[in-house]
Amino acid sequence: MNLKQRFILTIRLAVLALALIIFFAILIYAQMQPPDEYELIVTFVHKHFWIVVLPPAGLLLLLGWAVHWFGDRYLVPLNKITEDTGILVVNPSHRITVPQSETLQRLAASINATADHFDELRQNIEQNIEKANEALAEEKNILLTLIAKLNEGILVCNRDCNILLYNERAGQIFMRTDTQSGSESQFGSMIGLGRSLLGIIDPRLVQHALDEVMHRISRENSAPVSQFVTTGSSNQLLRVQLAPILDNQKNFDGFLLVLYDITQKVKRDSQRDMLLQVLSEGIRASVAGIRAAIETVIDYPSMSAAERENFQKTIHSESLMLSTLINKTTSDFSEHFKAHWPLEQMLCPDLLAAIQRAATERLNINIALESCEESIWINVDSYSLTQAYLFILHELKQLEITDFSFRIERKNHFVNVDLAWQSKKFPRDVMQDWKSQFLLIDNEGIMLTLQEVLDRHDAEIWSKSDPENNEFYLRLLLPAIPEPVSKPVQIMPDAESRPEYYDFDLFNRPGQMSELDDVPLSELSFTVFDTETTGLNPSDGDEIISVGAIRIVNGRMLRREVFDQLVDPRRTLSRESIKVHGISPEMLVNQPTIDRVLPAFHDYAKKTVLVAHNAAFDMRFLQIKEENTGVKFVNPVLDTLLLSAFVHPNQDKHSLDEVAKRLGVTIIGRHTALGDSLVTAEVFLKLLPLLAKKGVRTLREAREASQKTFYARLKY
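Within any chain, residue numbers begin from 1 and follow the written order of that chain's sequence. Since the coordinates come from a predicted model, pLDDT governs what is reported: local features require at least 70, and pairs of side-chain atoms require 80 or more to be given and counted, while whole-chain, interface and lining totals use all residues. Side-chain calculation: all heavy atoms of the structure are included, whereas hydrogens and water are not.

*Asks:* Any details on the overall build of the protein chain? Residues and values, ideally.
*Replies:* Helix and strand assignments follow DSSP, with helices taken as H or I runs no shorter than four residues and strands as E runs no shorter than two, numbered in order from the N terminus. In terms of regular secondary structure, the protein chain is built from 20 helices and 22 strands. Between two residues, a contact is recorded if the distance between any of their heavy atoms is within 4.5 Å. Taking contacts inside the protein chain between residues at least 6 apart in sequence as the whole, the part at least 24 apart equals 66%. Accessible surface computed for the protein chain: about 40600 Å², of which carbon and sulfur atoms make up 55%. Under the convention used here, a 1.4 Å probe and the Shrake-Rupley method define accessible areas, while residue burial counts only the protein chains that appear.

So this is what it looks like as structure tokens:
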């Protein structure tokens, strides 16, 4: 009930009370008179009832109307002006609606003029602040870009082990694992700003490393760094380097973790150790046999020819075994070496351009480009392949072959790279010899043979000729690869260009593990969420088809850590619901079911306060799934609809659209789970200072305030 409704009710009750008072006053006065006068009064009232009743009733109605007119014209608008003035704190562009009263019109106009002036000053201040922060923002962006591009994972935590910064690589290392398939799922990373590191890495390892670092700091060690080994979410082996972060007084203020994925390195080292062990054991036995045979021959020079021949056979046999062992080990080690030899995806024209430049600079040979399809991609080590072509060109030059040209053609899954020339025939017997030679020109190049380079690229090379055109050429056959597909960039509504992978203000935040009820709202972490469903009746079988959420940590929306997942409801969608959320049945094909999505969302929202607009509706859907999924949401819940009704009791509408409009929140992506979550999160942040003005500062006070509103009675 808003102020106007309460005011009308109050007037009616006051008029009724006054009428009753007058009635009983007259009745008591008559009872106090002598009997003859009492009879006279009663007779007069009977004869002139309307003359007695109508004037007082008319006066009362007139008085009621006057009070109503005054209240409706002044009191109610004045109260609404007070509310609108409060909205200016969070929405400076909001303006007061001009009421009917001329006096209040002047008041509203004066407030609006002040708001205009305030808004202009605010914009000037913001522009000045923005200019002052440009240099700092540029430096921050450079730092963030460098961190983001590192191959190592980076984590920065405060003293409470809450994450303040992480890069993309760290997020990849700790991707969530699908509970059913055991593989990395699409539910995002386990890492997030404000989350505890101890839920990701074994707390005993972290504590041991911190103890070691603190001990070294106490001993004034110049490099107080500790290391340990742990596993990632996909069981990859990680070497973790922990270094402290000290404040200006050299006090421990947090720490930096650098994550190295050493899975492949450990594997290669194990293979190498095994190869060396096999080689040493095999060599020892063969060498011992050869040595024994030779020493016997030397010690007994008079032995017979037959005995000497037996020892010679032993030496020969052992030497053959030794040779075989060395060749096998060399072959195995070659495979090991190749594992270190990375290939990169490259456009074929770019590779030819590099070869053309190198041929001109090193050999003074110009190579023309006859034809080349621009979109041919290959997987190569461009340096070794360039060295191979320089070697070939050098050898061809020795054969007095000149005037080269390149020609590239794609045939199914392969790419033909033809190095062509005219007139002079290529001697077929030289290619085999070239393949066994190191790729050196005047002792410059690489200690790899042409065959090894070809093998690494799964390539072949041979000579061909075209007698009709008197043309000869060497054809290099390379496997073609599909054109790399760039991952689509998720366009976030109102997204900021700078990644939100850091929040250094968390350095100064206390822990959140104890009683949340008495913790100020400004210090809590929130998960603002929304669901899209097949209908409005969860008890009648309607299901969730989309869950969207965003976290608020330290008063800031973490737009890079959103949760956005479609859900296969295993039932049909009504046309009416499709018109609302725009999710078609085709979009839900191959999407996970709710029993896989809810555990991931539960993990995402862990240790936060849930926030939603009309939260009772969404929570009812989650509660119905508790039994089947085994996932129970025990998080505290706040509802922006109830909070809006508490903050602005005189406003008639509290839908998400109306509240967003009133608080100056731009609406994008409405009626999608993630879009509504983003709008709700912005509305919630706007409501926090308005709640504080009304004395609501803790979670307990916010929940108690919500219960006072009419909307708190709604049930689903």
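*Asks:* Can you break down the sheet that holds strand β5 (residues 226–231) residue by residue, with the values?
*Replies:* Only strands joined by at least two bridges in the DSSP assignment are considered to pair. What the five strands build is an open sheet, ordered β2-β1-β7-β6-β5; its pairing is antiparallel. The open sheet terminates on both sides in strands that have one partner only, identified here as β2 (163–166) and β5. Between one strand and the next, the sheet's axes are offset by a mean angle of 25 degrees, whatever the strand orientation. Alignment of strand β6 (residues 237–246) against strand β7 (residues 252–261), held across nine bridges, turns out to be antiparallel. Bridge pairing links Leu246 to Phe252 in β7. Sitting on the sheet, helix α6 (residues 203–218) is in contact with β5, β6 and β7, with an inclination near 175 degrees to β5. Note on geometry: axes are lines fitted to C-alpha atoms, helical ones only across the stretch in contact, with angles between N-to-C directions running from 0 to 180 degrees.

*Asks:* Which residues make up a nonpolar patch on the surface, and what values go with them?
*Replies:* Exposure above 30% relative accessible area and no salt bridge define the residues that can form patches, which grow by joining like charges within 9 Å and nonpolar side chains of Val, Leu, Ile, Met, Phe, Trp and Tyr within 5 Å. Any carboxyl oxygen of Asp or Glu that lies within 4 Å of a side-chain nitrogen of Lys or Arg is treated as forming a salt bridge with it. Residues Leu16, Leu20, Phe23, Phe24, Leu27, Ile28 and Met32 make up a contiguous nonpolar surface patch of roughly 720 Å² in combined accessible area. With respect to the secondary-structure elements, Phe23 resides in helix α1 (residues 3–31).

*Asks:* How would you explain the packing of aromatic side chains if you had to name every residue and give the values?
*Replies:* Stacked, tilted and edge-to-face are the three classes applied to pairs of Phe, Tyr and Trp rings, where Trp contributes its six-membered ring and a pair requires centres within 6.5 Å; stacked means planes under 30 degrees apart, edge-to-face means over 60, and tilted covers the rest. Under the counting rule described, the total for this entry stands at 16 aromatic pairs. Ring centres of Phe391 and Trp434 lie 6.4 Å apart, and the angle between their planes is 80 degrees; on these two criteria the pair is classed as edge-to-face. On the criterion of sequence distance, the pair formed by Phe391 in helix α10 (residues 382–398) and Trp434 in helix α11 (residues 430–435) is long-range, its members being 43 residues apart. Centroid distance Phe601 to Tyr604: 6.4 Å. Interplanar angle 20 degrees. Geometry classified as stacked. On the criterion of helical spacing, the pair formed by Phe601 and Tyr604 is a turn pair, its members being three residues apart in helix α14 (residues 594–604).

*Asks:* Explain the packing of helix α17 (residues 640–647) against helix α19 (residues 673–693) to me, using residue names and the numbers behind them.
*Replies:* In contact at an axis separation of 10 Å, α17 and α19 are set at 35 degrees when each is read in the N-to-C sense. Crossing hand, α17 versus α19: left-handed. Of α19, the residues touching α17 (which contributes Thr640, Leu643, Ser644, Phe646 and Val647) are Thr680, Val683, Phe684, Leu687, Leu690 and Leu691. Residue classes follow a fixed rule: Ala, Val, Leu, Ile, Met, Phe, Trp, Tyr, Cys and Pro count as nonpolar, while Asp, Glu, Lys and Arg count as charged, and any other residue, Gly among them, counts as polar. Broken down by class, the residue content of the contact of α17 with α19 amounts to eight nonpolar, three polar and no charged. Crossing handedness follows the turn of the near helix against the far one: under a right angle anticlockwise gives a left-handed crossing, and clockwise gives a right-handed one.

*Asks:* Any chance you could break down the nonpolar core for me, citing the residues and the numbers?
*Replies:* We call a set of buried residues a nonpolar core when its members are Ala, Val, Leu, Ile, Met, Phe, Trp, Tyr or Cys and they connect through side-chain atoms within 4.5 Å of each other. Categorising residues by exposure relies on relative accessible area from a 1.4 Å probe, with only protein chains included: less than 20% of the type maximum marks a residue as buried, more than 50% marks it as exposed, and the intermediate range marks it as partly exposed. Among the nonpolar cores identified, the biggest contains 47 residues, and Ile392, Leu396, Phe404, Val417, Leu419 and Trp434 are the most heavily contacted of them. Tallying contributions element by element places α10 first for this core, with eight residues. Contact partners of Phe404, with chain neighbours within four places excluded, come to Ile365, Asn366, Ile367, Ala368, Leu393, Leu396, Leu419, Ala420 and Trp421. One finds Leu516, Met557, Val611 and Ala705 within the second-largest nonpolar core, a separate group that totals 36 residues.

*Asks:* Got a sec to walk through the environment of Phe529? Specific residues and values, please.
*Replies:* Relative to the helices and strands, Phe529 resides in strand β17 (residues 526–533). Considered as a pair, Phe529 and Leu678 are 149 residues apart in the sequence and their alpha carbons are 8.3 Å apart. Discounting residues that sit within four places of it in the chain, Phe529 has contacts with Gly548, Ala549, Phe601, Leu610, Val611, Ala612, Asp618, Met619, Leu622 and Ser677.

*Asks:* Go over the packing of helix α3 (residues 49–87) against helix α4 (residues 102–149) with me, naming the residues and quoting the values.
*Replies:* Two elements in contact, α3 and α4, have axes whose closest approach is 11 Å; the angle formed by their N-to-C orientations is 5 degrees. If you check the angle between α3 and α4, you find them roughly parallel. In this structure, α3 contributes Arg73, Tyr74, Pro77, Leu78, Ile81 and Thr85 to the contact, and α4 contributes Thr103, Leu104, Leu107 and Ile111. Here the angle decides the label: under 35 degrees means roughly parallel, over 145 means roughly antiparallel, 65 to 115 means roughly perpendicular, and every other value means oblique.

*Asks:* Please give an account of the environment of Arg308 that cites residues and values.
*Replies:* Structurally, the position occupied by Arg308 is in helix α8 (residues 305–339). Nitrogen and oxygen atoms within 3.5 Å of one another constitute a polar contact, given that in protein one can donate a hydrogen and the other can accept it, and given that sequence-neighbouring residues count only through two side-chain atoms. A distance of 3.0 Å separates the side chain of Arg308 from the backbone oxygen of Pro301, its partner in a polar contact.

*Asks:* Now, about the pattern of salt bridges: what can you tell me, with residues and values included?
*Replies:* Taken as a whole and assessed by the stated rule, the structure comprises 23 salt bridges. Asp84 is the partner of Lys80 in a salt bridge, and the nearest nitrogen-oxygen pair spans 3.5 Å. One end of the pair is Lys80 and the other is Asp84, both in helix α3 and four residues apart, which spans about a single turn. Judged by relative accessible area, which is 31%, Lys80 ranks as partly exposed. Judged by its relative accessible area of 3%, Asp84 is buried. Between Glu370 and Arg407 there is a salt bridge, with the nearest N and O atoms lying 3.3 Å from each other. Here Arg407 lies in strand β11 (residues 404–411) and Glu370 lies in strand β9 (residues 367–371), a separation of 37 residues in the sequence. The exposure class of Arg407 is buried, given its relative accessible area of 17%.

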